[in-house]
Amino acid sequence: MMNIKKHVIILFMVTAIMLTCHNENNNVKAAVIEDGFSYSKIPASIKKRITGSSYRKNPYISLKELRYVRIKHYNYKGKVKSGELIVNKAIAKDVAEIFCELYKIEYPIRRVELVDEYEADDDLSMEADNTSCFNYRSISGSKTLSMHGLGLAIDINPRINPCVGGARGIVPPNGKAYKERNVKKCTGRYKNMMIHKGDAAYKIFKEHGFEWGGEWKNMKDYQHFYKVPPKYKNCGKYEW
């Protein structure tokens, strides 16, 4: 009888622990834009994935200031895929709505994964043509915090929309063919998916108050859309 009671108690304790873990991961209310498009505080399971990777304790941004965004998108083959992003809470609603609008027009995005799937290495993420947002890091080649480090910038299809003219030349290097932005002259396989001023992606981001790195003067960061909410203006924490 004692053994039976002991087993029952152990079973009860294990069940309680499992339920606690389940609730910790899932008892996070999400704001739903439409089916498949939502944003919420960072769930425990995601905190575990990113801590020590794309997120590290720092003086500029806390996990409480970030949001977890779930989306759907069409890939380059026209298949519907699920995606996830971590963004600053100040732009979370905008981001969910933007990707919902892109989805409705079947805008092609190769993949949308957390940079943690690439060891939080921005270069690896870009080489994989991965669309991403938050990664606590400095600007390549400097010690200045990137806007990605605050979750305020999104890189869209970075391989076919490379950064051109910066200190590193063409980033990512495997996007060299897309340095040529004239569709008639570009030799890249996915040249028709490149971002251009005035196109659908550009207009949707601009309607939500975002700026585009493709309009910079000294270099062109064609993948880079960013938004600076009032609280971050002139704070000296980042460069674009």
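See the structure printed just above.
Residues numbered from 1 in each chain as written. Predicted model: local features only at pLDDT ≥ 70, side-chain atom pairs only at ≥ 80, totals over all residues. Heavy atoms only, no water.

Caption draft 1: Here's a closer look at the overall build of the protein chain. The helix and strand inventory of the protein chain stands at 5 helices and 12 strands. Expressed as a percentage of the 240 residues in the protein chain, the buried residues total 49%. For the protein chain, restricting intrachain contacts to residue pairs at least 6 apart in sequence, the fraction spanning at least 24 positions comes to 55%. Total accessible area computed for the protein chain in this model is approximately 13,300 Å², and 53% of it derives from carbon and sulfur atoms. (Helix = DSSP H or I, 4+ residues; strand = E, 2+ residues; numbered from the N terminus. Buried < 20%, exposed > 50% of the residue type's maximum accessible area, 1.4 Å probe, protein only. Contact = heavy atoms within 4.5 Å. Areas by Shrake-Rupley, 256 points an atom, 1.4 Å probe, with all protein chains shown as cover.)

Caption draft 2: Representation of the sheet that holds strand β3 (residues 66–74) in the model. Overall, antiparallel pairing links the 4 strands, which are arranged β1-β2-β3-β4 in an open sheet. Of all the strands in the sheet, the pair left with one neighbour each is β1 (30–34) and β4 (80–88). Shown here is a sheet whose adjacent strand axes are inclined to one another by a mean of 20°, direction ignored. Bridge count between β3 and β4: 9 bridges; the pairing is antiparallel. Across the sheet, the residue bridging to V69 is L85, located in β4. In the packing of helix α3 (residues 92–104) onto the sheet, contacts are made with β1, β2 (37–41), β3 and β4, and the angle to β3 comes to roughly 5°. (Pairing = 2+ DSSP bridges. Axes fitted to C-alpha atoms, helices over the stretch in contact; angles between N-to-C directions.)

Caption draft 3: A look at the packing of aromatic side chains. According to the stated counting rule, one finds 10 aromatic pairs in the structure shown. Between Y74 and Y103, the ring centres sit 5.0 Å apart and the planes meet at 25°, which makes this aromatic pair stacked. On the criterion of sequence distance, the pair formed by Y74 in strand β3 and Y103 in helix α3 is long-range, its members being 29 residues apart. With relative accessibility at 15%, the residue Y74 sits in the buried group. Aromatic pair F205 and F225: ring centres 4.1 Å apart, planes at 10°, arrangement stacked. Placement of F205 in helix α5 (residues 200–207) and of F225 in strand β12 (residues 224–226) is noted, with a sequence separation of 20 residues between them. For the pair formed by F205 and F225, the shared burial category is buried. Site record: aromatic cluster; members linked through ring pairs are Y202, F205, F210, W212, Y222 and F225. Cation over ring: R181 sits above Y222, and NZ or CZ is 4.2 Å from the ring centre. (Phe/Tyr/Trp six-rings, centres within 6.5 Å; stacked < 30°, edge-to-face > 60°. Lys NZ or Arg CZ within 6 Å of the ring centre and 35° of its normal.)

Caption draft 4: Here's a closer look at a positive patch on the surface. A surface patch of positive charge is lined by K41, K47, K64 and K89. Relative to the helices and strands, K41 is located in strand β2. (Patch = residues over 30% accessible without salt bridge, like charges linked within 9 Å, V, L, I, M, F, W, Y side chains within 5 Å. Salt bridge = Lys/Arg side-chain N within 4 Å of Asp/Glu carboxyl O. Lys, Arg positive; Asp, Glu negative; His and termini not counted. Charge placed at Lys NZ, Arg CZ, Asp CG, Glu CD.)

Caption draft 5: Quick look at the packing of α3 against α5. Between α3 and α5, the shortest axis-to-axis distance is 10 Å and the interhelical angle comes to 155°. What the angle tells us is that α3 and α5 run roughly antiparallel. As α3 packs across α5, the resulting crossing turns out to be right-handed. Residues I98, E101 and L102 of α3 lie in contact with α5, whose contacting residues are A201, I204, F205 and E207. Within the contact of α3 with α5, the residues separate by chemical class into 5 nonpolar, no polar and 2 charged. (Parallel < 35°, antiparallel > 145°, perpendicular 65-115°, else oblique. Left-handed = near helix turned anticlockwise from the far one by under 90°. Nonpolar A, V, L, I, M, F, W, Y, C, P; charged D, E, K, R; others polar.)

Caption draft 6: Expanded view of empty space enclosed by the protein. Per the stated rule, a full pass over the model turns up 1 cavity of 30 Å³ or more. If you add up the space inside the largest cavity, you get close to 60 Å³. Lining the largest cavity, in full, are I50, S54, E84, L85, I86, E113, L114, V115, D116, S132, C133 and F134. Broken down by element, the residue count for the lining of the largest cavity peaks at 3 residues, all from β4. (1 Å grid on protein atoms, 1.4 Å probe; cavity = no way out; pocket = protein on both sides within 12 Å on 5 of 7 lines; lining within 4 Å. Points joined across faces, edges and corners; volume = space filled by probe spheres on them.)

Caption draft 7: Spotlight on the pattern of salt bridges. Scanning the model with the defined rule gives 12 salt bridges in all. Among the ionic pairs, K104 bridges to E34, the shortest N-O distance being 2.7 Å. In this pair, K104 sits in helix α3 while E34 sits in strand β1, placing the two residues 70 residues apart along the sequence. On the accessibility criterion, K104 (53% relative accessible area) is exposed.

Caption draft 8: Main features of the nonpolar core. One finds I86, V95, F99 and L102 to be the most contacted residues of the largest nonpolar core, which totals 52 residues. Broken down by secondary-structure element, the contributors of at least two residues to this core are β2, α2 (44–50), β3, β4, α3, β7 (153–155), α5 and β12. For this core, the element with the most residues is α3, which contributes 8 residues. When near neighbours in sequence (up to four residues on either side) are disregarded, F99 contacts F37, I71, K72, L85, I109, T131, I154 and I156. (Core = buried A, V, L, I, M, F, W, Y, C linked by side-chain atoms within 4.5 Å.)

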